[in-house]
Amino acid sequence: MKEIKHYINGEYVGSASGKQFDNVNPVNGQTFARVHEAGREEVDAAVKAARAALNGPWGKMTLDERTRILHKVADGINDRFDEFLEAECLDTGKPKKMASHIDIPRGAANFKVFADMIKNVPAESFEMATPDGSGALNYAVRRPKGVIGVISPWNLPLLLMTWKVGPALACGNTVVVKPSEETPTTTALLGEVMKDAGVPDGVYNVVHGFGGDSAGQFLTEHQDVDGFTFTGETTTGETIMKSAARGIRDISLELGGKNAGLVFADCDMDKAIEGTMRSAFVNCGQVCLGTERVYVERSIFDEFVSRLKAEAEKLRIGPPDDDAANFGPLVSLKHREKVLSYYQKAVEDGATVVTGGGVPDMPEQYAGGAWVQPTIWTGLSEDSPVVTDEIFGPCCHIQPFDSEEEAIELANRLPYGLASAIWTENVSRAHRVAGQVEAGIIWVNSWFLRDLRTPFGGSKQSGIGREGGVHSLEFYTEMKNVCIKL
Ligand SMILES: NC(=O)c1ccc[n+]([C@@H]2O[C@H](COP(=O)([O-])OP(=O)(O)OC[C@H]3O[C@@H](n4cnc5c(N)ncnc54)[C@H](O)[C@@H]3O)[C@@H](O)[C@H]2O)c1
Ligand SMILES: O=C/C=C/C=C(\O)C(=O)O
């Protein structure tokens, strides 16, 4: 069986302990690879390699050389597009059609965009007067933050990992990546691309394993890591924040959400249905920005619900290779248990199940997979856990509202604040509501439309800090002010 090893100092290495875990295909529940689990020893070796590369070849490289190499990394991903696609779909079960449009191209773009950006970022300078009349000049330069610990989730594995590694390397840092235990393959494969592109050994390191009492915890506790960038659940973010506090290390946290879609009667209904369909069901609902709460103005509520139901029932469930399929399994049977527990809870709490609510019948060869039905509910109380907790599944609850004020209040009532989608053709309303919804990312008449130069992140319990554009450069560099007395 295939083995997935750590990538440390430019070499694929196994764990000294011999500990391994299964990599399971969610399409059929079968183990297709064994993954080495890092102990403190491997994590330490990876951090040491990253430190040496930072002080050595990578730190000494010119900006031009570094950015040229990062372009080669992007080209390397594109050259091996089909391998990345195959690997990502084996780990996640997602439709190849989707991964070939979103995950893999963004994996490459994340290197190009930030390599170009770092070359064009201006420096700040201030002239000042001094009592002796000679004056002084201040200028600020950016220096790499150092060794960055990157901890990434399983829902968009390559996209979300490179979203951090791209800018981190562009800024001259070195990294130790701990991908999700569910989806280690593309992060491992990227090591080969790094090597071929001429990235010096030790710049990009990968350690595999779980979170608590495993590679994730060992990495965040390692005192020679200068900062952590994490995407995942809010509770994990809290744990990482505590570890990072020791030694005063910086953090960037992109966390969970329970995002609201607000659909006004003056919307273009076709657009609102198409966008809400994607935001609730794409990637089997496993997108942090997804809409699990839909609020619809009462006069169009019935029409909206019946149209969304009709569209959800047209989703084609199937494995990654099925070109007609646009809906894959959840990432794992364990995650399906969690999602199904909310499906059950919705019924207990008195929901009307508009569609779905269970497990689809699948052909024999897929019977062991993590399949679940796309599900829509109405009629729940706003206090039901189904409406307040992030489920991270292909489901949404639709609730009517009567006024703009009420819609905003409903959107803002939870402690999360990641994203929101507003559907209206009234431009004044669009600006007004966008200004009042408490979220880091607002889309009007669209969803998941991404310009990588824009600030990306969550407010409230959905995160700390922003990545994207110059905001990534802020996190991945230290500003140093030099004051010269003239
Ligand atoms: N805000 C965003 O941009 C964004 C994007 C994608 C996903 N998410 C969130 O991610 C979650 C789904 O991903 P997940 O289930 O993989 O999240 P998770 O928090 O369970 O795991 C994420 C990563 O953290 C590691 N980890 C877990 N416990 C750890 C610990 N104690 N110390 C160090 N590392 C630890 C895991 O092994 C994994 O690599 C959802 O909550 C989703 O909203 C947020
Ligand atoms: O699941 C969450 C999706 C996050 C997307 C990004 O971080 C991005 O598009 O850069």
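Residues numbered from 1 in each chain as written. Chains lettered and ligands numbered in written order. Predicted model: local features only at pLDDT ≥ 70, side-chain atom pairs only at ≥ 80, totals over all residues. Heavy atoms only, no water.

1. Brief notes about the confidence of the model for the protein chain
- On average, residues of the protein chain score 98 in pLDDT, and 100% of them reach the 70 mark or higher.
- Quick note on the complex model: pTM equals 0.97, ipTM equals 0.94. (pLDDT = per-residue confidence, 0-100.)

2. A look at the site of ligand 2
- Close to ligand 2 lie R106, N155, L156, L159, L160, W163, V287, C288, L289, F448, R450 and F456.
- Residue N155 places a side-chain N or O atom 2.7 Å away from an oxygen atom belonging to ligand 2.
- Contact with the protein chains removes 99% of the 300 Å² of surface that ligand 2 exposes when unbound.
- Per element, the largest residue contribution to the shell around ligand 2 is three residues, and it comes from helix α7 (residues 157-170).
- Per-class residue counts for the shell around ligand 2 are nine nonpolar, one polar and two charged. (Near = heavy atom within 4 Å. Polar contact = N/O pair within 3.5 Å; in protein donor to acceptor, adjacent residues only side chain to side chain. Areas by Shrake-Rupley, 256 points an atom, 1.4 Å probe, with all protein chains shown as cover. Helix = DSSP H or I, 4+ residues; strand = E, 2+ residues; numbered from the N terminus. Nonpolar A, V, L, I, M, F, W, Y, C, P; charged D, E, K, R; others polar.)

3. Here we look at the environment of S459
- Looking at the secondary structure, you find S459 in strand β21 (residues 459-460).
- Sequence separation between S459 and L333 is 126 residues, and the spatial gap between their C-alpha atoms is 31 Å.

4. Structural notes on α7
- Between the first and last C-alpha of α7 there are 20 Å, a value that for 14 residues agrees with the 20 Å anticipated at 1.5 Å per step.
- Of all the bends in α7, the greatest reaches close to 25 degrees and is centred on W163; the proline P167 follows between one and four positions later.
- Burial of α7 is extensive: 14 of the 14 residues sit out of reach of the surface.
- G172 sits one or two residues past α7 and shows a positive phi near 95 degrees. (Expected span 1.5 Å × (residues − 1). Bend = angle between axes of the 7 residues up to and from the residue. Buried < 20%, exposed > 50% of the residue type's maximum accessible area, 1.4 Å probe, protein only.)

5. Remarks on the packing of helix α4 (residues 81-92) against helix α6 (residues 103-119)
- Running from amino to carboxyl end, α4 crosses α6 at an angle of 120 degrees, the nearest separation of the two axes being 9 Å. With respect to α6, the element α4 is oriented oblique. Our pair here, α4 against α6, has a crossing hand that is right-handed. Together, F81, F84, L85 and E88 of α4 and D103, I104 and P105 of α6 make up the contact between the two elements.
- By residue class, the composition of the contact of α4 with α6 is five nonpolar, no polar and two charged. (Axes fitted to C-alpha atoms, helices over the stretch in contact; angles between N-to-C directions. Parallel < 35°, antiparallel > 145°, perpendicular 65-115°, else oblique. Left-handed = near helix turned anticlockwise from the far one by under 90°. Contact = heavy atoms within 4.5 Å.)

6. With respect to the packing of aromatic side chains
- Applying the stated criterion across every chain, the model contains 13 aromatic pairs.
- Measuring from centroid to centroid gives 6.5 Å for W443 and F448, while their planes differ by 55 degrees, and the two rings are tilted. Accessibility classification places W443 together with F448 in one group, the buried group.
- Relative to F448, the ring of W447 has its centre 5.3 Å away and its plane inclined at 70 degrees; by these criteria the two rings are edge-to-face.
- Taking the relative accessible area as the measure of exposure, W447 reaches 3% and is therefore buried.
- Aromatic ring contacts, followed pair by pair, group Y7, Y12 and Y204 into a single cluster.
- Seen from the ring of F475, K145 lies directly overhead, with NZ or CZ sitting 4.1 Å from the centre.
- One residue, R450, lies across the ring of W163, its end atom 5.0 Å from the ring centre. (Phe/Tyr/Trp six-rings, centres within 6.5 Å; stacked < 30°, edge-to-face > 60°. Lys NZ or Arg CZ within 6 Å of the ring centre and 35° of its normal.)

7. So, the environment of G76
- Along the chain, G76 turns up in helix α3 (residues 63-79).
- Separated by 116 residues in sequence, G76 and E192 have C-alpha atoms that sit 9.1 Å apart.

8. Looking at the site of ligand 1
- Near ligand 1 you find 30 residues, and of these K178, E181, T236, L255 and E390 are the closest.
- Here an oxygen atom of ligand 1 sits 2.8 Å away from a polar atom, N or O, in the main chain of S152.
- Measuring from an oxygen atom of ligand 1, one finds a side-chain N or O atom of E390 at 2.5 Å.
- Calculation on ligand 1 without its partners gives an accessible area of 840 Å², and the protein chains cover 92% of this total.
- Counting only elements with at least two residues in the shell around ligand 1, the list comes to α9 (215-221), β11 (227-231) and α10 (234-245).
- A total of three residues in the shell around ligand 1 trace back to one element, the largest contributor, which is α10.
- For the shell around ligand 1, the residue count by class is 13 nonpolar, 12 polar and five charged.

9. Details of the pattern of salt bridges
- Applying the stated criterion to the full structure yields 35 salt bridges.
- The closest approach of N and O atoms between D226 and R51, which form a salt bridge, is 2.8 Å. Pair noted here: D226 is in the loop between α9 and β11 and R51 is in helix α1 (residues 40-55), with a separation of 175 residues, a long-range link.
- Measuring nitrogen to oxygen at the nearest pair gives 3.0 Å for the salt bridge that ties E474 to R142. On the criterion of sequence distance, the pair formed by E474 in helix α17 (residues 469-476) and R142 in strand β7 (residues 136-144) is long-range, its members being 332 residues apart.
- One salt-bridge network, held together by shared partners, links R80, E83, E192 and D196. (Salt bridge = Lys/Arg side-chain N within 4 Å of Asp/Glu carboxyl O.)

10. Description of the sheet that holds strand β6 (residues 125-128)
- Strands sit in the order β6-β7-β23 across an open sheet of three strands; the sheet is antiparallel. Looking at strand neighbours, the two that pair on one side only are β6 and β23 (477-485), the edges of this open sheet. In this sheet, neighbouring strand axes are inclined to one another by 20 degrees on average, regardless of whether the strands run parallel or antiparallel.
- Across nine bridges, the pairing between β7 and β23 is antiparallel. Residue pairing in the sheet places P144 in a bridge with T477 of β23. (Pairing = 2+ DSSP bridges.)

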